[in-house]
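# Structural overview
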Amino acid sequence: MPTIDILLPGFAIDTDQGYPAFCGVFLVRGPDAAGRPRTLLVDAAHVGRRPFLWDALAAHGLTADDIDTVVLTHAHWDHVQNIDLFPHATLVLHPDERRYAHTPHANDWATPAWTGLLLEQLPVREVADGEELIPGVSVIALPGHSPGSIGVVVQTEAGRATITGDALHFAYVARTRRNPLVFWDSDAAARSIDRVLAVSDLIYPGHDRPFRLAADGGIDYLESFALTLTGLRPDTEGLAFADGSARPLWVMPGVEEQRALYAKNADDIERRISRVPRVVGPARQGAGPGSG
């Protein structure tokens, strides 16, 4: 039966000076249909976590070369930047996510203009709703936060677990049923949250700890919170803490234009995909802080 391990935990942390945007990074392992062991990485985090990702792989007895598949729940900057560490892996994502990344909306700050170039650095496998990655591991379509958001449903010994990406950022979203950050379609995002809740025994959200919903609708976290801040003291003058139990809903200005622009750009997108040079070479580890 396939397993899920947390390589890097997700954190629901914001500041008034920018977004740390620490997404969860997950290791899914299990045999393929022929019985061969497979090692999948779900999301890759941003470059600020690159040395920590190397260390987390090593703690599981792995290197980047041991990852045969990188699944992107979506192509936002905080989930995608480290995919170049895995040049021997196949990149798995939804076709709408891949294509949109080549001509993102001007107001879509989470999808920089270079995103499409990065995606094409690995061999790409486009997947659809319900598609099996390995036995017991399948794709679930969860659009709304972005055009081609997907989740990964894993049949584990503890039950059906869904790795949601930012279709469900935080545990509290399971109660509000509204995505707090929408770049594509608010109504679709709400339906995707409902779908996650309908199919899942356990939920691994994009920026929070894994959890179950209790019988009374409460959040039953499955992991303890652990985070150390450096460079600050609790009594640092000017340091303040705000209520983070919920976030205001934000919908990208111009979201109503998204579908029409995506359709209009279809031919240009295909040309861009066909012309991207591949420049990523073998992964080099151990270049983080303190490595000299």
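Residues numbered from 1 in each chain as written. Predicted model: local features only at pLDDT ≥ 70, side-chain atom pairs only at ≥ 80, totals over all residues. Heavy atoms only, no water.

### Considerations on the overall build of the protein chain
Put simply, the rule is: Numbered from the N terminus, helices here are DSSP runs of H or I no shorter than four residues, and strands are runs of E no shorter than two. All radius of gyration figures rest on C-alpha atoms, and the globule criterion is 2.2 Å times the number of residues raised to 0.38. Under the scheme applied here, a residue whose accessible area is under 20% of the maximum for its type counts as buried, over 50% as exposed, and between as partly exposed, the area being computed with a 1.4 Å probe on protein chains only. Note on contacts: a residue pair qualifies if any of its non-hydrogen atoms lie within 4.5 Å across the two residues. Computed with a 1.4 Å probe, the accessible areas rest on the Shrake-Rupley method; for each residue, only the protein chains presented here act as cover.
Across its full length, the protein chain carries eight helices and 15 strands. The C-alpha atoms of the protein chain give 19 Å as radius of gyration, which agrees with the globular expectation for 292 residues (19 Å, within 12%). Each of the three principal axes of the protein chain carries a C-alpha extent, and together these read 55 × 45 × 45 Å. Going through the 292 residues of the protein chain one by one, you find that 50% of them count as buried. Pairs at least 24 residues apart make up 65% of the contacts formed inside the protein chain by residues separated by at least 6 positions. Of the roughly 13,900 Å² that the protein chain leaves accessible, carbon and sulfur atoms contribute 52%.

### Thoughts on the pairing of strand β8 (residues 137–141)
In regular strands, side chains alternate between the two faces of the sheet. Convention followed: In this scheme, strands are said to pair when DSSP sees at least two bridges between them.
The element β8 is largely enclosed, with a buried count of four among its five residues. With two bridges joining them, strand β7 (residues 132–134) and β8 adopt antiparallel strand pairing. Its bridge partner being in β8, Glu-132 is matched across the sheet by Ser-138. The turn joining β7 and β8, which pair antiparallel and follow one another in sequence, is formed by two residues; a positive phi near 85° is taken by Gly-136. Relative to strand β9 (residues 150–156), β8 runs antiparallel, the two sharing five bridges. In the sheet register, Val-137 faces β9, and the bridge partner there is Val-154.

### Focus: the nonpolar core
Stated formally: To define a nonpolar core, start from buried Ala, Val, Leu, Ile, Met, Phe, Trp, Tyr and Cys residues and group those joined through side-chain atoms within 4.5 Å.
Ile-83, Phe-86 and Leu-119 are the most contacted members of the largest nonpolar core, which has 29 residues in total. Those elements that provide at least two residues to this core are β1 (3–8), β2 (25–31), α1 (50–59), β5 (90–93) and α4 (115–119). With four residues, the top contributor of residues to this core is α1. Beyond its immediate stretch of four places on either side in the chain, Leu-119 contacts Leu-72, Ala-75, Val-80, Ile-83, Leu-91, Leu-93, Glu-97, Arg-98, Ala-101 and Val-124. Of all hydrophobic cores here, the second largest spans 19 residues; its members include Ile-4, Val-152, Ile-163 and Leu-202.

### Observations regarding the pattern of salt bridges
Pairing of side chains with opposite charge becomes possible as their charged atoms draw close. In plain terms, the rule: Note on definitions: salt bridges are taken to be side-chain nitrogens of Lys or Arg within 4 Å of carboxyl oxygens of Asp or Glu.
Within this structure, the stated rule accounts for 16 salt bridges. As a salt-bridge pair, Asp-32 and Arg-36 come within 2.9 Å of each other at their nearest N and O atoms. Under the relative-accessibility criterion, Asp-32 is labelled buried at 11%. On the basis of relative accessibility, which here comes to 53%, the residue Arg-36 falls in the exposed class. A salt bridge links Arg-50 to Asp-84; the shortest N-O distance between them is 2.7 Å. Here the residue Arg-50 occupies a position in helix α1, and Asp-84 occupies one in the loop between α2 (77–80) and β5, the gap between them amounting to 34 residues. Each of the salt bridges in this network shares a partner with another, and the network as a whole consists of Arg-98, Arg-99, Glu-120, Glu-126 and Glu-270.

### A word on the packing of aromatic side chains
Formally: The pairing test for Phe, Tyr and Trp rings, Trp by its six-membered ring, is centres within 6.5 Å, and the orientation test on the planes gives stacked under 30 degrees, edge-to-face over 60, and tilted for anything in between. Note on geometry: a ring has a charge over it if NZ (lysine) or CZ (arginine) is within 6 Å of the ring centre and within 35 degrees of the ring normal.
Throughout the structure, instances matching the rule amount to ten aromatic pairs. Ring centres 6.4 Å apart and planes at 75° place the aromatic pair Phe-11 and Phe-22 in the edge-to-face group. Here Phe-11 is found in the loop between β1 and β2, whereas its partner Phe-22 is found in the loop between β1 and β2, with eleven residues between them in sequence. A network of ring pairs unites the aromatic residues Tyr-19, Trp-109, Phe-183 and Trp-250 as a single cluster. A cation over an aromatic ring shows up here: Arg-209 above the ring of Tyr-221, its NZ or CZ 3.7 Å from the ring centre.

### Section: α1
Counting along an α-helix, one turn takes 3.6 residues, and residues three or four places apart therefore face a common direction. Burial in α1 covers these residues: Arg-50, Pro-51, Leu-53, Trp-54, Ala-56 and Leu-57. Where α1 is buried, its residues contact β1 and β2.

### Description of the side chain of His-74
Quick reminder of the rule: Between N or O atoms, a polar contact is any pair within 3.5 Å; within protein, one atom must be a potential hydrogen donor and the other a potential acceptor, and residues adjacent in sequence are included only when both atoms are from side chains.
Note on placement: His-74 falls in the loop between β4 (69–71) and α2. Here Thr-73 takes part through its side chain, which lies 3.0 Å from a polar atom of the side chain of His-74. Among the polar contacts listed, one links the side chain of His-74 to the side chain of Asp-166, at a separation of 3.3 Å. Not counting the four nearest positions on each side in its chain, His-74 is found in contact with Asp-43, His-79, Glu-97, His-145, Ser-146, Ser-149 and Asp-166.

### A short note on unusual backbone geometry
Non-glycine residue Asp-43 carries a positive phi angle of around 70°. When you line up the elements, Asp-43 lands in the loop between β3 (37–42) and α1. A positive phi is found at Ala-45, a non-glycine position, where the angle reads about 70°. If you trace the backbone, Ala-45 turns up in the loop between β3 and α1.

Function cannot be read off these values alone, since they describe shape.
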